[in-house]
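Here's the letter readout for the chains.
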Amino acid sequence: WTSEMAQRVAVNDAAGSKRTARVRVAVRLRPYMDKQDEKSEGPCVRGLGPQTLEIVNWRNATETLQYQFDVFHGEQSTQQEVFLSSVKPIIPHILNGQNASVFAYGPTGAGKTHTMLGSQEQPGVIPRAVREVFHLVRTQVKDQDEWEFSVGMSYLEIYNEKVLDLLSPNSQDLPIREDKDKNIIIPGLTHTSLSSFSDFHTHFVPASLNRTTASTKLNQRSSRSHAILLIKVVKCQRVPPHRQQTGKLYLVDLAGSEDNRRTGNQGIRLKESGAINLSLFTLSKVVDCLNTGTGGRVPYRDSKLTRLLQDSLGGSAHSVMITNIAPEYKYYFDTFTALNFAAKSKQIINRPFVRETVMPPTNAAGKRSREEQDAGGSVE
Ligand code: ADP
Ligand code: MG
């Protein structure tokens, strides 16, 4: 049975490594916000199940496009649900010297900051993840005293392909390097030790407010830059041989994925868009490369963002992309683009999304529109 066992282990290993190299893709649809929609056209996208949604096909009103993902979080989903299903399971790995990354992708206004940061009343992924890190560290320290843990944070921004330290305002563009063990490091980046969640709160909140207030003055810079929070957990053995393991968790609120060329941005903004497009475009190539597993070189080095995430995206790291989308028509093309980046698969279905309730009442169409109404999605 030994060889059979060995074989099984090998198979599991292969499946396991394949699985870990993949980037899990979740999609979150935010609630419809009436105020944003002067024409009251209703939503153009809606959920169908725990992994699927459909969107109007603008090319052909008799069709919808159905997409499938690893997880779909509907408009009713809570911050807690998103955290539990998409983020909590990866946190234990960073206490074992492994790396992980969670990033929010999608057009400006679709809910990236809500998902990552949230509010006092509805805290998002970042505060929940940091709480969980401290919770796990405390539990492990209680259970066995062979290891000692230290937790620290860095907070940076990539803007116009420049790496800026958000814990040290006025800092210059920082270099990204790789050490001999292929760990990505940023010499000169502020690293702040944290002893508790409230410690984190003390350092993070002012830095994050800084970024948002600066943004309104500087042409909504926050929608054009990538905000990257790094939580590092170092685990040291108290006794010889004093082994040491470092785990990194990147929590990233990406720049808006909207196509700025369409909205007619000029000059500096166009230049910014170009730089953002380079990082986001490269990210989409990297994720695609990892998820289709076509082999070949993963183009990490083609942008600052992907270079920075190189040791924490794909490979042995645990990565989740939460694609945020909005249901209003004015986001249609940006939603469509974001879904095409995120989708595991897409299917064209012959079934009108919007106008069907005004179609001639043939039996079949009449029955279908009732089902549509029951599903809560029929819109006129
Ligand atoms: P982004 O960071 O992608 O530009 P925001 O997170 O700022 O988008 O969201 C835009 C607006 O929508 C904000 O007012 C935010 O509070 C609200 N919002 C986003 N997602 C949700 C949600 N799931 N539930 C309730 N409100 C949301
Ligand atoms: Mg935002």
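Calculation notes
Residues numbered from 1 in each chain as written. Chains lettered and ligands numbered in written order. Predicted model: local features only at pLDDT ≥ 70, side-chain atom pairs only at ≥ 80, totals over all residues. Heavy atoms only, no water. Helix = DSSP H or I, 4+ residues; strand = E, 2+ residues; numbered from the N terminus. Buried < 20%, exposed > 50% of the residue type's maximum accessible area, 1.4 Å probe, protein only. Contact = heavy atoms within 4.5 Å. Expected span 1.5 Å × (residues − 1). Near = heavy atom within 4 Å. Polar contact = N/O pair within 3.5 Å; in protein donor to acceptor, adjacent residues only side chain to side chain. Nonpolar A, V, L, I, M, F, W, Y, C, P; charged D, E, K, R; others polar. Salt bridge = Lys/Arg side-chain N within 4 Å of Asp/Glu carboxyl O. Axes fitted to C-alpha atoms, helices over the stretch in contact; angles between N-to-C directions. Parallel < 35°, antiparallel > 145°, perpendicular 65-115°, else oblique. Left-handed = near helix turned anticlockwise from the far one by under 90°. Arc of directions from axis to C-beta. Phe/Tyr/Trp six-rings, centres within 6.5 Å; stacked < 30°, edge-to-face > 60°. Lys NZ or Arg CZ within 6 Å of the ring centre and 35° of its normal. Core = buried A, V, L, I, M, F, W, Y, C linked by side-chain atoms within 4.5 Å.

Colleague: Can you help me understand the overall build of the protein in this one?
Modeller: Along the protein, the regular secondary structure elements total eleven helices and 15 strands. Counting the 380 residues in the protein, one finds 47% classified as buried. Partitioning the contacts of the protein with sequence separation of at least 6, the portion at a separation of at least 24 is 69%.

Colleague: I would appreciate a short explanation of helix 5 (residues 125–143) in the present structure.
Modeller: For an α-helix the count is 3.6 residues per turn, leaving residues at separations of three or four pointing the same way. Here helix 5 spans 27 Å end to end across 19 residues, near enough to the 27 Å set by a 1.5 Å rise per residue. Looking at helix 5, one finds that the buried residues are V125, I126, P127, R128, A129, V130, E132, V133, F134, L136 and V137.

Colleague: Explain unusual backbone geometry here, please?
Modeller: A negative phi angle characterises most non-glycine residues, just as the trans form characterises most peptide bonds. Note that the residue after P240, namely P241, is joined by a cis bond; omega there is 5 degrees. For E161, which is not glycine, the phi torsion reads 60 degrees and is therefore positive. Mapped onto the elements of the fold, E161 is located in the loop between strand 7 (147–159) and strand 8 (162–165). If you check the backbone angles, K182 has positive phi at about 70 degrees while not being a glycine.

Colleague: Even after reading the chapter, I still don't get the site of ligand 1, so can you show me in this structure?
Modeller: With respect to spatial proximity, the complete set of residues near ligand 1 consists of R28, R30, P31, M33, P107, T108, G109, A110, G111, K112, T113 and H114. Here an oxygen atom of ligand 1 and a backbone polar atom of G109 are 2.7 Å apart. Between G111 and ligand 1, the recorded distance is 3.0 Å, taken from a backbone N or O atom to an oxygen atom. It is helix 4 (residues 112–116) that contributes the most residues to the shell around ligand 1, three residues altogether. Per-class residue counts for the shell around ligand 1 are four nonpolar, five polar and three charged.

Colleague: Would you mind going over the pattern of salt bridges with me for this structure?
Modeller: Side chains that differ in charge, positive against negative, can pair when their charged atoms come close. Overall, the coordinates contain eleven salt bridges when judged by the stated rule. Two residues, K248 and D311, come together in a salt bridge whose shortest N-O distance is 2.7 Å. In this pair, K248 sits in strand 13 (residues 244–253) while D311 sits in the loop between helix 9 (304–308) and strand 14 (318–325), placing the two residues 63 residues apart along the sequence. Judged by relative accessible area, K248 falls into the buried class, the value being 6%. Note on D311: relative accessible area 15%, which makes it buried. Between R297 and D302 there is a salt bridge, with its nearest N and O atoms 3.7 Å apart. One continuous salt-bridge network, built from bridges that share partners, spans E178, K182 and R307.

Colleague: How should the packing of helix 2 (residues 79–87) against helix 5 be read in this particular structure?
Modeller: Interaxial distance between helix 2 and helix 5 falls to 10 Å at its minimum, and their mutual angle equals 55 degrees. Relative to helix 5, the element helix 2 lies oblique. Read as a crossing pair, helix 2 and helix 5 show a hand that is right-handed. Touching Q79, Q80, F83 and V87 of helix 2 are V125, R128, A129 and E132, all from helix 5. When the residues that make up the contact of helix 2 with helix 5 are grouped by side-chain class, the tally is four nonpolar, two polar and two charged.

Colleague: Explain helix 2 here, please?
Modeller: Every buried residue of helix 2 is accounted for by Q79, V82, F83, S86 and V87. One face of helix 2 carries all of its buried residues, which in axial projection span an arc of 100 degrees.

Colleague: Would you mind showing me how to read the side chain of S101 here?
Modeller: Residue placement: S101 occurs in strand 6 (residues 100–105). Judged by relative accessible area, S101 falls into the buried class, the value being 0%. Discounting chain neighbours no more than four positions away, the residues touching S101 are I90, Y250, L309, S312, L313, H318, S319 and V320.

Colleague: Is there a simple way to explain the packing of aromatic side chains in this structure?
Modeller: Tallied over the full model, the rule gives eight aromatic pairs. Centroid distance W58 to F333: 5.1 Å. Interplanar angle 70 degrees. Geometry classified as edge-to-face. Here the residue W58 occupies a position in the loop between strand 3 (52–56) and strand 4 (64–68), and F333 occupies one in helix 10 (residues 332–342), the gap between them amounting to 275 residues. For W58, a relative accessible area of 44% translates into the label partly exposed. Measuring from ring centre to ring centre gives 4.9 Å for Y155 and F204, while their planes differ by 55 degrees; the resulting arrangement is tilted. Residue Y155 is found in strand 7, and its partner F204 is found in helix 6 (residues 197–217); the two are separated by 49 residues along the sequence. Each member of the pair Y155 and F204 is classed as buried. Within the aromatic cluster, the residues linked to one another by ring pairs are W58, Y332, F333 and F336. When the ring centre of F197 is taken as reference, the NZ or CZ atom of R131 above it lies at 4.0 Å. Between the NZ or CZ atom of K235 and the centre of the ring of W147, over which it lies, the distance is 4.7 Å.

Colleague: Help me understand the environment of S225, please; the structure alone is not making it clear to me.
Modeller: Structurally, the position occupied by S225 is in the loop between helix 7 (221–224) and strand 12 (226–237). Spatially, the C-alpha atom of S225 lies 7.4 Å from that of N160, the residues being 65 residues apart in sequence. With residues near it in sequence (within four places) discarded, S225 still touches E157, I158, Y159, R211, D253, L254 and A255. A polar contact of 3.0 Å, which involves the side chain of S225, links it to the side chain of E157.

Colleague: Please clarify how the nonpolar core should be interpreted in this entry.
Modeller: Looking at soluble globular proteins, one finds that nonpolar side chains tend to be buried together. Counting residues in hydrophobic clusters, the biggest one holds 46 residues, and the most contacted among them are L53, F103 and L313. Broken down by element, this core gets its largest block of residues, six residues, from helix 10. Setting aside residues up to four positions removed in sequence, F103 forms contacts with V23, V252, L254, L283, V287, L313, V320, M321 and I322. Of all hydrophobic cores here, the second largest spans 38 residues; its members include I90, L166, V320 and I322.

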